[in-house]
Amino acid sequence: MTERRTALVTGATAGIGAAFARELAAEGFGLILVARDEERLRGLAAELPVPVEVLRADLATAEGCDAVAARLTDAGRPVDLLVNNAGRSLNRSFLRSTAELEEELLRLNVHAVMRLTLAALPGMVERGRGEVVNVSSVSGFAAMMPGSTYPASKAWVTNFSESQAQLVRGMGVRVMALCPGYTRTEFHDRAGIDMSRTPSWMWLDARAVVRAGLRDLRRGRMVSVPGWKYKLAVFGIRHAPRGLVHRVARDTRGRIGHEER
């Protein structure tokens, strides 16, 4: 009998995180689902036909990171796949932001990704198997959102993931940055960002993003950009003169729907 593999998914209540949970459950993974909203986690867990462990944690706090890192380092219950999906954006430019908001963004988008990857990788290397997917963004390939620090945080995630992937590629372990474009989730609504003017052709489906990401992970790719339109966009961003990129850069975050509290 084949031993069931286990995946830990952060930010699992909706969107890309929930899509990862459903897709991995369909593949037979046992799951550890992490988010702040325990009630919603349990609702999702009840839908899935595999063993599910619910772990309530706020990864923007030291206590939340400690709790998830402890689970990842539990040698008696190894985790085979870590999906660092939890993240946030802000609905304001840097000039109207606060140190507290920016630090919270960095703790979630950057520090938590580093901390949990560091918790997971040594055990995976010791076992000679394991995978890490860090959910980044197409926006991280250039400063295309003037006044937003979100792309900068995602640039870090992509470069960090690619660096670690090179480190462990010969050790039976894979690390990959998943870099989707606009994806239909709750992400923008939670940040109070009105995306109603964004053309429909720019939107990706969360399930398709996850399937493309898992396919690229198993092909050994270090960076995955789902969707041919976004692949072309990233190619252009990477190879166009920097001055041209800056001239065409515009705020693609949509319209602010409400101020964050």
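Scroll up to find the structure.
Analysis parameters
- Residues numbered from 1 in each chain as written.
- Predicted model: local features only at pLDDT ≥ 70, side-chain atom pairs only at ≥ 80, totals over all residues.
- Heavy atoms only, no water.
- Salt bridge = Lys/Arg side-chain N within 4 Å of Asp/Glu carboxyl O.
- Helix = DSSP H or I, 4+ residues; strand = E, 2+ residues; numbered from the N terminus.
- Buried < 20%, exposed > 50% of the residue type's maximum accessible area, 1.4 Å probe, protein only.
- Contact = heavy atoms within 4.5 Å.
- 1 Å grid on protein atoms, 1.4 Å probe; cavity = no way out; pocket = protein on both sides within 12 Å on 5 of 7 lines; lining within 4 Å.
- Points joined across faces, edges and corners; volume = space filled by probe spheres on them.
- Nonpolar A, V, L, I, M, F, W, Y, C, P; charged D, E, K, R; others polar.
- Expected span 1.5 Å × (residues − 1).

Topic: the pattern of salt bridges
Next, step 1: By the definition in use, this model includes 13 salt bridges.
Next, step 2: Two residues, Arg22 and Glu47, come together in a salt bridge whose shortest N-O distance is 3.1 Å. Placement of Arg22 in helix 1 (residues 15-26) and of Glu47 in helix 2 (residues 38-47) is noted, with a sequence separation of 25 residues between them.
Next, step 3: On the basis of relative accessible area, Arg22 is assigned to the partly exposed category, the value being 41%.
Next, step 4: In this structure, Arg115 and Asp66 form a salt bridge, with 2.8 Å as the shortest nitrogen-oxygen distance. Of this pair, Arg115 sits in helix 4 (residues 99-127) while Asp66 sits in helix 3 (residues 62-72), and the two are 49 residues apart along the sequence.
Next, step 5: When its relative accessible area of 39% is taken as the criterion, Asp66 is described as partly exposed.
Next, step 6: When salt bridges with common partners are traced through the structure, they connect Glu53, Arg71, Asp74 and Arg77 into a single cluster.

Brief notes about the environment of Ala177
Next, step 1: On the secondary structure map, Ala177 appears in strand 6 (residues 173-178).
Next, step 2: Setting aside anything within four residues of it in sequence, one finds Ala177 in contact with Asn134, Thr158, Ser161, Met222, Val223 and Ser224.

Re the layout of surface pockets
Next, step 1: In this structure, the second largest pocket encloses a volume near 180 Å³.
Next, step 2: Together, 14 residues line the second largest pocket, and Arg4, Thr6, Arg71, Arg77 and Pro78 are the ones closest to its centre.
Next, step 3: Residue assignment for the lining of the second largest pocket shows that the elements contributing at least two residues are strand 2 (30-35) and strand 3 (52-56).
Next, step 4: Tallied by class, residues from the lining of the second largest pocket come to five nonpolar, two polar and seven charged.

Comments concerning helix 7 (residues 206-218)
Next, step 1: A rise of 1.5 Å per residue sets the reference length of helix 7, with its 13 residues, at 18 Å; its end C-alpha atoms lie 19 Å apart and thus fit the reference within 8%.
Next, step 2: For helix 7, the complete set of buried residues consists of Ala206, Val209, Val210, Ala212, Gly213, Leu214, Asp216 and Leu217.
Next, step 3: As for helix 7, its buried residues are in contact with helix 1, strand 4 (81-84), strand 5 (130-135), strand 6 and strand 8 (223-224).
Next, step 4: Just beyond helix 7, the residue with positive phi is Gly220, at close to 85°.

Side note on the environment of Leu217
Next, step 1: One can find Leu217 in helix 7.
Next, step 2: Distance in space between the C-alpha atoms of Leu217 and Met176 is 6.4 Å, their sequence separation being 41 residues.
Next, step 3: Excluding anything up to four places from it in sequence, Leu217 contacts Leu81, Glu131, Val132, Val133, Arg174 and Met176.

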